[in-house]
Amino acid sequence: KLATEAESLAQSTEWTPTANRYKSLMVQWKAAARASKDVDEALWQRFHTAQDTFFTRRTAALEEREAEFRTNQEAKEALLVEAEAIDPSTDLPAAQAKLRDIQTRWTATGRAPREVAAEFDRRLDAVAERLKTASEDRWRETSLSSSPLAIRLRESVEKLEKKINRAKQAGKPSEVSDLETQ
């Protein structure tokens, strides 16, 4: 019964649950009563061959996945170099477009090894944050300099500053105080 179940699991691609099941089967195998030496040896060979088949396939699949992750890691490292070189001070819309392109390629690249994935994501997020801050700063600068309200306020402040200077030159401290309050 144990050898038959082990053989039925040999072609499984559900790596973790199947590996756990093989461990359980091995515990049961050790606890099971023995048959005659010839029969016991033949059953063990069936069991062991099925188990080896599964674990050999699992090792090959995991190695293939790790190789893919290493390739993805190299591609993501190149994308990070490209992203970290973006300078938002020259042409912000072009910089934002370049980051979007890098982010699209980043997603298409696939997963990197777990030990570097979080750091890579943090670095790419830092580039996105730098561009976001530059965009917000640029927006504040342009909206304040071109806003009709801001222009009128600036003109009013300039007029009051001129009045304050005239009041100071005329020696009128109470008028200076009133104008500064305004």
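For the structure, check the block above.
Here's a quick rundown of the structure. Sequence order as written defines the numbering, with residues in each chain counted from 1. Owing to the predicted nature of the model, reporting of local features is limited to residues with pLDDT of at least 70; listing and counting of side-chain atom pairs is limited to 80 or more, with chain, interface and lining totals taken over all residues. Neither water nor hydrogens contribute to the side-chain values; these are computed over all heavy atoms in the structure.

With that out of the way, let us pick up the nonpolar core. Buried residues of nine kinds, namely Ala, Val, Leu, Ile, Met, Phe, Trp, Tyr and Cys, make up a nonpolar core once their side-chain atoms join them within 4.5 Å. Between buried and exposed lies partly exposed: a residue is buried under 20% and exposed over 50% of the maximum accessible area for its type, with that area taken using a 1.4 Å probe on protein chains only. Ranked by internal contacts, the top residues of the largest apolar core, which has 14 residues, are I86, L99, I102, W106, F120, L124 and L131. Taken together, the elements giving at least two residues each to this core come down to α3 (37-84), α4 (92-109) and α5 (114-146). Secondary structure elements follow DSSP: runs of H or I of four or more residues count as helices, runs of E of two or more count as strands, with numbering from the N terminus. Considering each element in turn, this core owes the most residues, 5 residues, to α5. The criterion used for residue contact is that any of the two residues' heavy atoms lie within 4.5 Å. Discounting chain neighbours no more than four positions away, the residues touching L124 are L80, A83, L99, I102, Q103 and W106. With 13 residues, the next largest nonpolar core counts L2, A3, L25 and M26 among its residues.

Here we take up the pattern of salt bridges. Salt bridges are counted wherever a side-chain nitrogen of Lys or Arg sits within 4 Å of a carboxyl oxygen of Asp or Glu. Going through the model one piece at a time under the given rule, you end up with 7 salt bridges. Residue E119 is joined to R122 by a salt bridge in which the shortest nitrogen-to-oxygen separation is 2.6 Å. One end of the pair is E119 and the other is R122, both in helix α5 and 3 residues apart, which spans about a single turn. E119 gets classed as partly exposed once you look at its relative accessible area, which sits at 37%. Relative accessible area serves as the criterion here: at 46%, R122 is assigned to the partly exposed category. Across the pair E175 and K172 runs a salt bridge whose closest N-O atoms are separated by 3.9 Å. Residue E175 is classed as partly exposed on the basis of its relative accessible area, which comes to 36%. Connected via shared salt-bridge partners are E82, D101 and R105.

It is worth spelling out the side chain of Q51 at this point. Considering the arrangement of structural elements, one finds Q51 in helix α3. Judged by its relative accessible area of 11%, Q51 is buried. Beyond its immediate stretch of four places on either side in the chain, Q51 contacts Y22 and M26.

Another aspect to go through is the packing of aromatic side chains. Each Phe, Tyr or Trp ring (for Trp, its six-membered ring) is paired with any other whose centre lies within 6.5 Å, and the angle between the two planes then decides the class: stacked below 30 degrees, edge-to-face above 60, tilted in between. The full count for this structure, using the stated rule, is 8 aromatic pairs. On the basis of an interplanar angle of 50 degrees and a centroid distance of 5.5 Å, the ring pair of W29 and W44 is categorised as tilted. Placement of W29 in helix α2 (residues 15-31) and of W44 in helix α3 is noted, with a sequence separation of 15 residues between them. W29 sits in the buried class, given a relative accessible area of 10%. Given the relative accessible area of 25%, W44 is considered partly exposed. Relative to F47, the ring of W44 has its centre 5.7 Å away and its plane inclined at 25 degrees; by these criteria the two rings are stacked. Within this pair, W44 and its partner F47 are both found in helix α3, separated by 3 residues, close to a single helical turn.

With that settled, consider α2. The terminal C-alpha atoms of α2 lie 24 Å apart, and with 17 residues this matches the ideal 24 Å at 1.5 Å per residue to within 8%. Those residues of α2 not exposed but buried are T18, A19, Y22, L25, M26 and W29. Viewed end-on, α2 has its buried residues packed into an arc of 115 degrees, placing them on one side of the element. Residues of α2 that are exposed and point over 90 degrees away from its buried face: T16, K23, V27 and A31. Next to the buried residues of α2 lie α1 (2-9) and α3. Expected span, for any helix, means 1.5 Å times one less than how many residues it has. Starting at the helix axis, one direction is taken to each C-beta atom, and the arc is that of these directions.

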